[in-house]
Amino acid sequence: MANQGGLRVLNRLRTIEWDADWDDAYAHVFSRQLLMREYLRRSALWAEAYSAEEAWPFFDITNCVAPELKLPQSLSIDLNEFLRTRRVGLVKTTCAGAVRLAELRTQDPATEKLSLPELYEPLLVMYERGGEFMRDNSGALDLTGVSFRPGTMRDYLGDTPIVTIRASVLDALDTEGRVTFFAKTPAMNRS
């Protein structure tokens, strides 16, 4: 079962509604923007760690981590078939990167111990919450319902990470109206 990790990610990508309903994408506009920003933060950390600054932000990190990585033939064929259906190059690159990094972690368990956050998870969740994104002619990222300029890699290196990307938290961000979040604080010593 050498391709279990890569195949699991590929199967996850296959279940995404890529041509999502606009209403669905708009319903998740805030969480999708937050997920993209978290991906950009993680991408900056990985790019810095592996001297991939020139490739930032949308790249297949395995080209830097393990350029010798070979996917099992059946996984390679399935991935290429899937990628033919994707219209946007940035999405193709990150989908391939997610599958290849998962496969690298399956083939080389030592990569599980990398001290970096899971690179592609925020993008995978963003895709699941409303399909693709694209870069417009001015360099802004269009996430269907929101567009923003990503800035530079250095802008993201000091950013605070998102605490969680659980669906319940993301759904709360997309709720209409005012939402207030409280962080649990440790009890004070009352002696």
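1. Side note on the environment of Gly5
- Examined against the element boundaries, Gly5 turns out to sit in helix 1 (residues 4-14).
- Taking relative accessible area as the criterion, Gly5 reaches 3% and is therefore assigned buried.
- Linking Gly5 and Gln107, residues 102 residues apart in sequence, is a C-alpha distance of 8.7 Å.
- In contact with Gly5, not counting residues within four places along its chain, are Ala102, Glu103 and Thr106.

2. Remarks on the nonpolar core
- In this structure, Leu13, Met36, Leu40, Tyr127 and Phe133 are the most contacted members of the largest nonpolar core, which totals 52 residues.
- Looking at this core element by element, the count peaks at nine residues for helix 3 (residues 29-49).
- Excluding anything up to four places from it in sequence, Phe133 contacts Met36, Phe58, Val88, Leu90, Val91, Leu123, Met126, Tyr127, Leu141, Asp142 and Leu143.

3. Observations regarding the side chain of Asp60
- You can see Asp60 is positioned in the loop between helix 3 and helix 4 (62-65).
- Relative accessible area serves as the criterion here: at 10%, Asp60 is assigned to the buried category.
- Of note is the side chain of Asp60, whose polar atom sits 2.7 Å from the side chain of Arg100.
- In this structure, Asp60 is in contact with Thr93, Ala96, Gly97, Arg100 and Tyr120, ignoring residues within four places of it in sequence.

4. Some remarks on the side chain of Glu38
- Relative to the elements of secondary structure, Glu38 occurs in helix 3.
- Only 2.8 Å separates the side chain of Glu38 from the side chain of Arg41, close enough to count as a polar contact.
- Apart from the residues lying within four places of it in its own chain, the contact partners of Glu38 are Pro122, Thr160, Pro161 and Ile162.

5. Observations concerning the confidence of the model for the protein chain
- Confidence along the protein chain averages 85 in pLDDT terms, with 87% of residues attaining 70 or more.
- Per-element confidence in the protein chain is highest for helix 5 (residues 73-83), whose mean pLDDT is 96, and lowest for helix 2 (residues 22-27), whose mean pLDDT is 76.

6. Considering the packing of helix 1 against helix 5
- Where helix 1 meets helix 5, the axes come as close as 11 Å, and the angle between the chain directions of the two elements is 20 degrees. When the axes of helix 1 and helix 5 are compared, the pair comes out roughly parallel. Remark: the crossing between helix 1 and helix 5 carries left-handed chirality. Note on element contacts: helix 5 touches helix 1 through Leu75, Asp78, Leu79 and Phe82, opposite Gly6, Leu7, Leu10, Leu13 and Arg14.
- Its residues assigned to classes, the contact of helix 1 with helix 5 shows six nonpolar, one polar and two charged.

Cut-offs used in this document
Residues numbered from 1 in each chain as written. Predicted model: local features only at pLDDT ≥ 70, side-chain atom pairs only at ≥ 80, totals over all residues. Heavy atoms only, no water. Helix = DSSP H or I, 4+ residues; strand = E, 2+ residues; numbered from the N terminus. Buried < 20%, exposed > 50% of the residue type's maximum accessible area, 1.4 Å probe, protein only. Contact = heavy atoms within 4.5 Å. Core = buried A, V, L, I, M, F, W, Y, C linked by side-chain atoms within 4.5 Å. Polar contact = N/O pair within 3.5 Å; in protein donor to acceptor, adjacent residues only side chain to side chain. pLDDT = per-residue confidence, 0-100. Axes fitted to C-alpha atoms, helices over the stretch in contact; angles between N-to-C directions. Parallel < 35°, antiparallel > 145°, perpendicular 65-115°, else oblique. Left-handed = near helix turned anticlockwise from the far one by under 90°. Nonpolar A, V, L, I, M, F, W, Y, C, P; charged D, E, K, R; others polar.

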